[in-house]
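Take a look at the letters that make up each chain.
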Amino acid sequence: MVIRLILGDQLNSNHSWFTAPNQEHYLYVLMEVKQETDVIQQHFKKITTFFAAMRSFHKNLQAQGYTSFYLKINEATNKQSFAENLKLLVSEYHATEVQYQFPDDYRLYLEFKKLSEILGVKVTPYESEHFFCSLKELVELGKSQTNFLMENFYRFLRRKFGVLMVQNKPLAGKWNFDADNRKRWNGDPKIPKALCFANDVSEVVSDLNEAGIQTFGAQSLASDFPINREQALQQLQYFVENLLPNFGSFQDAMHTDETLLFHSNLSFALNAKLVAPHEVVHSVEDYFYHHSDKISISQAEGFIRQILGWREYVRMVYWNRYDEIKTGNFFNHTQPLPAVFWTGKSAMNCVSHCATDSLKNAYAHHIQRLMVLGNFALLTETHPDETDAWYLGVYADALEWVQLPNTRCMSQFADGGILGTKPYVSTANYIDKMSNYCTNCNYDKKTKYNSDSCPFNSLYWYFLHKNRAKLQSNIRMKMMYALVDKFSPMELERIIERAEYLLLNRNF
Ligand code: FAD
Ligand code: SF4
């Protein structure tokens, strides 16, 4: 008997494992372990959705005739660690070999390297067969400085996989349509009703309670995320038919009445591997080619860039520069995460909305994560470890390989610029341009140093002033420093005073 371990984010039913001959020799194993639930405290919906998806995968395997073994979190025999549980199974089934798919997280990658020693049998790793680039290829690509620029990396993959290409040239003559994709949403066009799966997770919830797993965030006995392949494909189809026509235009928009807007909500399904990125990209490309009367290139390219570009790119950065990005703290920030991240309560309308959305849904879209919450964590000088822990815990799609480069590098610039070229910080101006948050806010979006001035304004200019030595030689910051230099000494002094007051009191 050969044991094949399947992790909770490896629910890929198209893996070549399942078409190999002699299936009677294989025991597929899935397990819920405290080793994973207790890494950090996580959102209730994240854990229940993952476990529901794993349980559904196991049932499907059984229904298709595979031999599958499932260990629930509350079972008395559960040793709560991969290695300890595997040890028992190897002995019980007289297994001669254990096979696994490369974990996406470095922590487990290192641990599984030692499995053979612990288990005393042959242990063989396999590719997860999910991403556009294999792990080996990613490490090779990462050796070249040119590929470390997202735009170059993305163009390389567009060419390699022939996506939106005509005779090795980008379709419509341009690689990037970002400039067309920065619209504010004011209620028009109407947003189609979101697809809602309402998967019953009550059994998972009762097992979690029995096992004493601590979670945070809103609790519910139903999960709206797609938890199996069928639902993931439904979500994809729903997206391309209903939301893609407006995706690009409104991808940066935010609104008090809407969280998803025209976003796909595919990240959980993708990260759990219920659907493959090439399936998503090809569906979008295909739909675009057949409906070019309804969908412009900027919508299709804007979306494909997120998957073929950003998603593969952050993984490349993760696997090539893990040690540096995991511990980086470029600005030496030391503060705790502001309370609003845990309570959703703040006089700052934008921050309150985005934190509340996250705590309620285990979801926020990219600009909420980057330009409101991330921006706020950085400007309040939060220690990047605290920011990482919150982001890894709160979102249903959060796995370290994708969360860490996005949070620590892109949003906190704690890597000092390995991934991004400048910190993503802004004043109220950007938030007001892209949302209606400022309309009903207690703070004044226009001023910088009054007692009711928007904290983003005071903190932004203070951040530039304080970190001048670290940032002013950055060519992309030149314009910003030219503006700082226009402040009179009195103005700058008042900004500093107000920002220091805010940072000291932390009552936002
Ligand atoms: P859409 O806007 O519809 O985009 C489509 C898909 O593109 C997403 O499903 C996702 O798979 C991919 N994508 C888009 N942007 C990125 C990106 N920057 N990196 C990787 N993939 C991307 N994404 C995660 O999957 N897990 C995380 O833990 C995560 N943490 C983030 C933390 C911060 C601070 C930021 C700024 C972004 C983070 N992202 C993360 C990226 C992005 O915000 C989410 O993928 C997206 O919001 C998920 O919603 P969606 O499926 O509706 O995405
Ligand atoms: Fe956010 Fe400032 Fe606008 Fe209020 S005024 S919503 S705090 S950006």
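For the structure itself, look to the data block above.
This text gives an overview of the structure that appears in the document. (Residues numbered from 1 in each chain as written. Chains lettered and ligands numbered in written order. Predicted model: local features only at pLDDT ≥ 70, side-chain atom pairs only at ≥ 80, totals over all residues. Heavy atoms only, no water.)

**As for helix α14 (residues 349-361)**
Then step 1. When the terminal C-alpha atoms of α14 are compared, their 18 Å separation across 13 residues agrees well with the 18 Å that a helix rising 1.5 Å per residue should span.
Then step 2. Looking at α14, one finds that the buried residues are Asn349, Cys350, Val351, Ser352, Cys354, Ala355, Asp357, Ser358 and Leu359.
Then step 3. Immediately downstream of α14, the backbone of alanine 362 shows phi near 55°, a positive value. (Helix = DSSP H or I, 4+ residues; strand = E, 2+ residues; numbered from the N terminus. Expected span 1.5 Å × (residues − 1). Buried < 20%, exposed > 50% of the residue type's maximum accessible area, 1.4 Å probe, protein only.)

**Observations regarding the side chain of asparagine 474**
Then step 1. Along the chain, the position of asparagine 474 falls in the loop between α20 (468-471) and α21 (478-484).
Then step 2. The class of asparagine 474 is buried, set by a relative accessible area of 17%.
Then step 3. At 2.7 Å, the side chain of asparagine 474 and the backbone oxygen of threonine 421 are in polar contact.
Then step 4. Setting aside its immediate chain neighbours within four residues, asparagine 474 contacts Thr421 and Lys422. (Polar contact = N/O pair within 3.5 Å; in protein donor to acceptor, adjacent residues only side chain to side chain. Contact = heavy atoms within 4.5 Å.)

**Regarding the sheet that holds strand β6 (residues 122-126)**
Whenever strands of a sheet pair, they do so through backbone hydrogen bonds, lying parallel or antiparallel.
Then step 1. With respect to topology, 5 strands assemble into an open sheet ordered β4-β2-β1-β5-β6, the strand pairing being parallel. Strands with a single pairing partner mark the edges of an open sheet, and in this sheet they are β4 (68-71) and β6. Direction aside, neighbouring strands of the sheet carry axes that sit 25° apart on average. (Pairing = 2+ DSSP bridges. Axes fitted to C-alpha atoms, helices over the stretch in contact; angles between N-to-C directions.)

**Overview of the site of ligand 1**
Then step 1. Close to ligand 1 lie 29 residues, the nearest being His263, Ser264, Asn265, Asn271 and Tyr363.
Then step 2. Between ligand 1 and histidine 263 there is a distance of 2.6 Å, counted from an oxygen atom to a side-chain nitrogen or oxygen.
Then step 3. Within the backbone of asparagine 265, an N or O atom sits 2.7 Å from an oxygen atom of ligand 1.
Then step 4. Its residues assigned to classes, the shell around ligand 1 shows 14 nonpolar, 12 polar and 3 charged. (Near = heavy atom within 4 Å. Nonpolar A, V, L, I, M, F, W, Y, C, P; charged D, E, K, R; others polar.)

**Comments concerning the packing of aromatic side chains**
Then step 1. A full pass over the atoms with the stated rule returns 42 aromatic pairs.
Then step 2. A ring pair is formed by phenylalanine 250 and phenylalanine 262, whose centres lie 5.5 Å apart and whose planes are at 35°; its orientation type is tilted. Here the residue phenylalanine 250 occupies a position in the loop between α9 (229-247) and α10 (267-271), and phenylalanine 262 occupies one in the loop between α9 and α10, the gap between them amounting to 12 residues. For the pair formed by phenylalanine 250 and phenylalanine 262, the shared burial category is buried.
Then step 3. Centroid distance tryptophan 461 to phenylalanine 487: 5.1 Å. Interplanar angle 90°. Geometry classified as edge-to-face. (Phe/Tyr/Trp six-rings, centres within 6.5 Å; stacked < 30°, edge-to-face > 60°.)

**What about the pattern of salt bridges?**
Then step 1. Tallied over the entire structure, the rule returns 21 salt bridges.
Then step 2. Note that glutamate 151 is salt-bridged to arginine 305, the shortest N-O span being 2.9 Å. Taken together, the residues span a long stretch of sequence, with glutamate 151 in helix α7 (residues 150-161) and arginine 305 in helix α12 (residues 297-327) at a distance of 154 residues.
Then step 3. Arginine 305 gets classed as buried once you look at its relative accessible area, which sits at 3%. (Salt bridge = Lys/Arg side-chain N within 4 Å of Asp/Glu carboxyl O.)

**A look at the packing of α14 against helix α15 (residues 366-379)**
Then step 1. Relative to each other, α14 and α15 sit at 115°, their axes nearing to 10 Å. With respect to α15, the axis of α14 lies roughly perpendicular. Helix-helix and strand crossings are classified by hand; for α14 and α15 the assignment is left-handed. Where α14 abuts α15, its residues Cys350, Val351, Cys354, Ala355, Asp357 and Ser358 lie against Gln368, Val372, Leu373 and Phe376.
Then step 2. Its residues assigned to classes, the contact of α14 with α15 shows 7 nonpolar, 2 polar and 1 charged. (Parallel < 35°, antiparallel > 145°, perpendicular 65-115°, else oblique. Left-handed = near helix turned anticlockwise from the far one by under 90°.)

**Here we look at helix α22 (residues 489-505)**
Residues lying three or four places apart along an α-helix face the same way, a consequence of the helix completing one turn every 3.6 residues.
Then step 1. In this model, α22 (17 residues) spans 24 Å end to end at C-alpha, consistent with the 24 Å of a helix rising 1.5 Å per residue.
Then step 2. Those residues of α22 lying buried are Leu492, Ile495, Ile496, Arg498, Ala499, Leu502 and Leu503.
Then step 3. Where α22 is buried, its residues meet α15 and α19 (455-466).
Then step 4. Just downstream of α22 lies arginine 506, where phi reads positive at about 50°.

**Considering unusual backbone geometry**
With the exception of glycine, the majority of residues adopt a negative phi angle, and the majority of peptide bonds are in the trans configuration.
Then step 1. Of note, the amide linkage connecting aspartate 188 to proline 189 takes the cis form, showing an omega dihedral of 0°.
Then step 2. Structurally, the position occupied by proline 189 is in the loop between β8 (169-170) and β9 (199-200).
Then step 3. At leucine 164, a position not held by glycine, the phi torsion is positive, near 50°.
Then step 4. Inspection of the secondary structure assignment puts leucine 164 in the loop between α7 and β7 (165-166).
Then step 5. Judged by its relative accessible area of 0%, leucine 164 is buried.
Then step 6. Not every positive phi belongs to a glycine, and alanine 198 is a case in point at roughly 45°.
Then step 7. Turning to its location among the elements, alanine 198 is positioned in the loop between β8 and β9.

**With respect to the site of ligand 2**
Then step 1. In the region of ligand 2, the neighbouring residues are Met348, Asn349, Cys350, Ala428, Ile431, Tyr437, Cys438, Cys441, Tyr443, Lys445, Cys454 and Phe456.
Then step 2. Those elements that place two or more of their residues in the shell around ligand 2 are α14 and α18 (428-434).
Then step 3. Among the residues making up the shell around ligand 2, the classes are represented as 10 nonpolar, 1 polar and 1 charged.

**Some points on the environment of proline 125**
Then step 1. Considering the arrangement of structural elements, one finds proline 125 in strand β6.
Then step 2. For proline 125, a relative accessible area of 34% translates into the label partly exposed.
Then step 3. Proline 125 has contacts with Tyr100 and Phe102, leaving out every residue within four places of it along the chain.

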